[in-house]
Amino acid sequence: MNKETRIEMLTRLRADNPNPTTELNFSTPFELLIAVLLSAQSTDVGVNKATDKLYPVANTPQAILDLGLDGLKSYIKTIGLFNTKAANTMKSCQILVDLHGGEVPEDRAALEALPGVGRKTANVVLNTAFGQLKDNEGNYFIAVDTHIQRLANRTGYAKGKTVEETEKNIVKNTPRKTEFFFNLHHWFILHGRYTCVARKPKCGSCIIEDLCDFKEKTE
């Protein structure tokens, strides 16, 4: 896939969905942070069902700490790996209260220091909650999950055996245009979730089928 094809791919995705956003329900950076933390190996639908009940009761670090571990588990027990996620959430909330005044820091290192928060989660929060496109050194970044990893490699937009390598090559191959960088994460996730699905991609109804390098096209 060459530069012109990548631009056309992004242009079509933009035309189809001009203002994409996460499907996770949130109204504050903290709510987004917790939702993304809970979403690992779980569906956004499942996370939303849990947080729609949790957030009206507790949507700040201190409020979740006040619930206690068992109290938090009672709200998220329908989510996969809820025991580990509950423990990480409680630890993260304590750090936010102790070190950040109960606020979510707009800093990658501080975010990645929270239990259960890796580069992908930090990238999502920095991009979606704070509108950040570049790190402190001025380098662009993109949050890469399994959908984006699959889509980027399958289409030929960016190759990478690891999410880190794929992120690096997505950044390298994406035109330096703010709206492309800001929205690519959501465009790729949604396209990978609903069209370019893992087992049998819906190539026949794909708006970028003719641009894609995937050889085993389906109807």
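Coordinates for the structure precede this section.
Quick notes on the rules
Residues numbered from 1 in each chain as written. Predicted model: local features only at pLDDT ≥ 70, side-chain atom pairs only at ≥ 80, totals over all residues. Heavy atoms only, no water. Helix = DSSP H or I, 4+ residues; strand = E, 2+ residues; numbered from the N terminus. Buried < 20%, exposed > 50% of the residue type's maximum accessible area, 1.4 Å probe, protein only. Contact = heavy atoms within 4.5 Å. Polar contact = N/O pair within 3.5 Å; in protein donor to acceptor, adjacent residues only side chain to side chain. Phe/Tyr/Trp six-rings, centres within 6.5 Å; stacked < 30°, edge-to-face > 60°. Lys NZ or Arg CZ within 6 Å of the ring centre and 35° of its normal. Expected span 1.5 Å × (residues − 1). Bend = angle between axes of the 7 residues up to and from the residue. Disulfide = S-S within 2.5 Å. Salt bridge = Lys/Arg side-chain N within 4 Å of Asp/Glu carboxyl O. Core = buried A, V, L, I, M, F, W, Y, C linked by side-chain atoms within 4.5 Å.

A. Molecular detail of unusual backbone geometry. The backbone of Gln41 sits at a positive phi, close to 55 degrees, despite the residue not being glycine. Looking at where Gln41 falls in the secondary structure, it is placed in the loop between helix 2 (29-38) and helix 3 (44-54). Not every positive phi belongs to a glycine, and Leu81 is a case in point at roughly 60 degrees. Topologically, Leu81 is positioned in the loop between helix 4 (61-76) and helix 5 (82-100).

B. Broad picture of the environment of Thr22. Within the element layout of this structure, Thr22 appears in the loop between helix 1 (3-16) and helix 2. Using a relative accessible area of 18% as the deciding quantity, one classes Thr22 as buried. It is 8.8 Å that separates the C-alpha atoms of Thr22 and Ile189, two residues lying 167 residues apart in sequence. Residues in contact with Thr22, not counting those within four places in the same chain, are Leu32, Thr128 and His186. A distance of 3.1 Å separates a polar side-chain atom of Thr22 from the backbone nitrogen of Leu24.

C. Structural view of the packing of aromatic side chains. Scanning all chains against the criterion turns up three aromatic pairs. Judged by centre distance (4.1 Å) and plane angle (25 degrees), the ring pair of Tyr140 and Phe181 falls under stacked. Taken together, the residues span a long stretch of sequence, with Tyr140 in the loop between helix 7 (119-129) and helix 8 (146-155) and Phe181 in helix 10 (residues 178-194) at a distance of 41 residues. Accessibility assignment for this pair places Tyr140 and Phe181 in one class, buried. Note on Tyr157 and Phe188: the rings are 5.3 Å apart at their centroids and 85 degrees apart in plane angle, and the pair reads as edge-to-face. Placement of Tyr157 in the loop between helix 8 and helix 9 (163-173) and of Phe188 in helix 10 is noted, with a sequence separation of 31 residues between them. What makes Phe188 buried here is its relative accessible area of 0%. The ring centre of Tyr157 lies 5.8 Å from the NZ or CZ of Arg6, which sits over that ring. Of note, Arg108 hangs over the ring of Phe141, and the distance from its end group to the ring centre comes to 4.7 Å.

D. View of helix 4. The end-to-end C-alpha distance of helix 4, which contains 16 residues, comes to just 16 Å, noticeably less than the 22 Å that a straight helix rising 1.5 Å per residue would cover. Along helix 4, the largest kink reaches about 105 degrees and is centred on Gly68. Tucked inside the fold, the buried residues of helix 4 contact helix 2, helix 3 and helix 5.

E. Main features of the state of the cysteines. This model, assessed by the stated rule, comprises zero disulfides. The thiol sulfur of Cys206 is not disulfide-bonded, and the nearest other cysteine sulfur, from Cys203, lies at 6.5 Å.

F. Geometry of the pattern of salt bridges. In total, this model carries seven salt bridges according to the counting rule given. Taking the shortest distance from any N to any O, the salt bridge between Arg12 and Asp210 comes out at 2.6 Å. A residue pair is termed long-range when its members are at least 10 positions apart, and Arg12 in helix 1 and Asp210 in the segment after helix 10 qualify at 198 residues. Linked through salt bridges whose partners overlap, the residues forming this network are Glu8, Arg12 and Asp210.

G. View of the nonpolar core. With 33 residues, the main nonpolar core has Phe30, Leu33, Ile64, Leu72, Leu111 and Val117 as its most contacted residues. Mapped by element, the contributors of at least two residues to this core are helix 2, helix 3, helix 4, helix 5 and helix 7. Ranked by residue count, the leading element in this core is helix 2, at eight residues. Not counting residues up to four positions away in its chain, the partners in contact with Val117 are Leu33, Leu37, Leu111, Glu112 and Ala122. Counting residues in each nonpolar core, the second largest holds 24 residues, with Met9, Ile148, Ile189 and Cys206 among its members.

H. Looking closely at helix 3. Of the residues making up helix 3, those classed as buried are Asp44, Val47, Asn48, Ala50, Thr51 and Leu54. Of the surrounding elements, those touching the buried residues of helix 3 are helix 2, helix 4 and helix 10.

Geometry only, nothing functional implied.
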